[in-house]
Amino acid sequence: MTNVTPFPNQGSGPGGGQVGFDRLELQRIMDLYGRMVSAGHWRDYAMDMGREAAIFSAFRRTAERPEYRIEKRPALRHRQGMWALVGESGQILKRGQELQGVLAPVERKLLRIVED
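Quantities reported herein were computed from a predicted structural model and do not represent experimental measurements. (Residues numbered from 1 in each chain as written. Predicted model: local features only at pLDDT ≥ 70, side-chain atom pairs only at ≥ 80, totals over all residues. Heavy atoms only, no water.)

Visitor: Looking at this model, I keep getting lost on the overall build of the protein chain. Mind explaining?
Guide: Helix and strand content of the protein chain: two helices and five strands. For the protein chain, the α and β elements follow one another from N to C terminus as α-β-β-β-β-β-α. Partitioning the contacts of the protein chain with sequence separation of at least 6, the portion at a separation of at least 24 is 35%. When the accessible surface of the protein chain is summed, it comes to about 8,000 Å², and 50% of that surface belongs to carbon and sulfur atoms. (Helix = DSSP H or I, 4+ residues; strand = E, 2+ residues; numbered from the N terminus. Contact = heavy atoms within 4.5 Å. Areas by Shrake-Rupley, 256 points an atom, 1.4 Å probe, with all protein chains shown as cover.)

This is the structure:
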């Protein structure tokens, strides 16, 4: 009972692992999502976690393309920043090292929605 056997395909190398959101990142994203739902702007979300990226997509309606995608790509951590905010048509709206800075354009949009 002293032998420890690792799970297969586990590791952070190119052949293994899966990118995901940690608890604080997901809490920040879900907090923003909840406020956008309360404002009546978003209605649905989806999460995709793969080998290269973790993606949170927010939808106005379920059958549409996502209005925003929040992408975490650790491979770009030392280059452009691992966080990206992608718009509905696929353009990158904001890129950076910190999640808070990348979410800033959506936060500003939320403030305009609440003021109206």
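Anyway, onward from the coordinates.
Visitor: Where do I start with a nonpolar patch on the surface in this structure?
Guide: There is a patch of nonpolar side chains on the surface, built from Tyr-45, Met-47 and Met-49 and spanning about 240 Å² of accessible area. Mapped onto the fold, Met-47 is located in strand β1 (residues 44-49). (Patch = residues over 30% accessible without salt bridge, like charges linked within 9 Å, V, L, I, M, F, W, Y side chains within 5 Å. Salt bridge = Lys/Arg side-chain N within 4 Å of Asp/Glu carboxyl O.)

Visitor: Explain helix α1 (residues 23-38) here, please?
Guide: Side chains three or four residues apart in an α-helix point the same way, a direct result of the helix having 3.6 residues per turn. In this model α1 runs 22 Å from its N-terminal to its C-terminal C-alpha over 16 residues, within 8% of the 22 Å that 1.5 Å per residue would give. Among the residues making up α1, those that are buried are Glu-25, Ile-29, Leu-32, Tyr-33 and Met-36. End-on, the buried residues of α1 take up no more than an arc of 100 degrees, which puts them together on one face. Across α1 from its buried face, at more than 90 degrees, point the exposed residues Arg-23, Leu-24, Gln-27 and Ser-38. Sitting at the amino-terminal end of α1 is Asp-22, which places a side-chain oxygen 3.1 Å from the backbone nitrogen of Leu-24. The first or second residue beyond α1 is Gly-40, which carries a positive phi of 80 degrees. (Expected span 1.5 Å × (residues − 1). Buried < 20%, exposed > 50% of the residue type's maximum accessible area, 1.4 Å probe, protein only. Arc of directions from axis to C-beta. Polar contact = N/O pair within 3.5 Å; in protein donor to acceptor, adjacent residues only side chain to side chain.)

Visitor: Explain the side chain of Glu-25 to me, please; I cannot follow it from the model alone.
Guide: Structurally, the position occupied by Glu-25 is in helix α1. Residue contacts for Glu-25: discarding those within four places in its chain leaves Gly-20, Lys-72, Trp-83 and Leu-99.

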